[in-house]
Amino acid sequence: MNGRSLPLFVQGTVTRGFGRGSKELGCPTANYSQEVVKSLPQELDTGIYCGWASIDHGLVHKMVMSVGWNPFYNGKEKTMEVHILHEFPDQFYGAHMRVCVLKYLRPEMNFNSVDELIAQIKDDVEKSKAALDVPELAIYQKDAFFTSNT
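Our subject in this report is the structure included herewith. (Residues numbered from 1 in each chain as written. Predicted model: local features only at pLDDT ≥ 70, side-chain atom pairs only at ≥ 80, totals over all residues. Heavy atoms only, no water.)

### Examining the overall build of the protein chain
Helix and strand counts for the protein chain come out as four helices and six strands. Taken from the N to the C terminus, the helices and strands of the protein chain come in the order β-α-β-α-β-β-β-β-α-α. Burial status across the protein chain gives 43% buried among its 150 residues. For the protein chain, contacts bridging at least 24 residues in sequence account for 70% of all contacts bridging at least 6. Here the protein chain has roughly 8200 Å² of accessible surface; of this, 51% comes from carbon and sulfur atoms. (Helix = DSSP H or I, 4+ residues; strand = E, 2+ residues; numbered from the N terminus. Buried < 20%, exposed > 50% of the residue type's maximum accessible area, 1.4 Å probe, protein only. Contact = heavy atoms within 4.5 Å. Areas by Shrake-Rupley, 256 points an atom, 1.4 Å probe, with all protein chains shown as cover.)

### Description of the nonpolar core
Core analysis: the largest hydrophobic core is formed by 24 residues, its most contacted members being Met80, Val82, Met97 and Val99. At the level of elements, strand S1 (8–15), strand S2 (30–32), helix H2 (34–38), strand S3 (47–55), strand S4 (61–68), strand S5 (79–84) and strand S6 (96–107) are the ones that each hand at least two residues to this core. With residues near it in sequence (within four places) discarded, methionine 97 still touches Val10, Gln11, Gly12, Val14, Ala30, Tyr32, Ser54, Ile55, Val82 and Ile84. In terms of nonpolar packing, the next biggest core, distinct from the first, is built from 10 residues, Leu102, Ala131, Phe145 and Phe146 among them. (Core = buried A, V, L, I, M, F, W, Y, C linked by side-chain atoms within 4.5 Å.)

### So, the packing of aromatic side chains
Per the counting criterion, the structure on display carries four aromatic pairs. Aromatic pair tyrosine 49 and tyrosine 104: ring centres 5.1 Å apart, planes at 70°, arrangement edge-to-face. Residue tyrosine 49 is located in strand S3, and its partner tyrosine 104 is located in strand S6; the two are separated by 55 residues in the primary sequence. Of the residues examined, tyrosine 49 reaches a relative accessible area of 0% and is grouped as buried. (Phe/Tyr/Trp six-rings, centres within 6.5 Å; stacked < 30°, edge-to-face > 60°.)

### What to know about the side chain of histidine 83
With respect to the element layout, histidine 83 can be found in strand S5. The class for histidine 83 is buried, based on a relative accessible area of 13%. For histidine 83, the side chain forms a polar contact with the main-chain oxygen of proline 28, separated by 2.8 Å. Once you skip the residues sitting within four places of it in the chain, histidine 83 turns out to touch Cys27, Pro28, Thr29, Lys62, Met63, Val64 and Val125. (Polar contact = N/O pair within 3.5 Å; in protein donor to acceptor, adjacent residues only side chain to side chain.)

### What about the pairing of S1?
Sheet topology note: the S1/S6 ladder contains six bridges and is antiparallel. Residue pairing in the sheet places leucine 8 in a bridge with valine 101 of S6. Here two bridges tie S1 to S2, and the two strands are oriented antiparallel to one another. Bridge pairing in S2 places threonine 15 opposite asparagine 31. (Pairing = 2+ DSSP bridges.)

### Overview of the pairing of S4
Of all eight residues in S4, eight are buried, a share of seventy percent or more. On S4, burial covers both faces: His61, Met63, Met65 and Val67 on one face and Lys62, Val64, Ser66 and Gly68 on the other are all buried. Alignment of S3 against S4, held across seven bridges, turns out to be antiparallel. Following the sheet pairing, cysteine 50 is matched in S4 by valine 64. Linking S3 back to S4 in an antiparallel pair, the connection comprises five residues, with aspartate 56 at a positive phi of about 50°. Judged from the six bridges that link them, S4 and S5 form a sheet pairing that is antiparallel. Note that in S5 the partner of methionine 63 across the bridge is isoleucine 84.

In structure tokens:
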């Protein structure tokens, strides 16, 4: 599904992840529960995606997202980790997050070091920012999905 069936709209409660994003990688992530991850379409390829996200019906920000097994950390469960490209003053575990997944950036991959992983994350962020500035994807920032009560 790496792009053929996008956009994909997902919503759910933000749950605690492994705590690596902020501390080890400098890339805080908002994670969905296993229930949400298991509800993703079967054909959704693992990898890195970009799109838009909001927390509790707040402003809609650019995001980059990983869906997969986190091979660098020998992940045992499939995860969906969203890095919203905005600095929030506080953590928001338990908040309601909505994401609109728009573009597949690359497949999931392993790395030889944390530094390699961090460099790739920075590159993914830059590619996401540029991709979401394209008018065909930018329009989704104002999609009714982010303001609806369902």
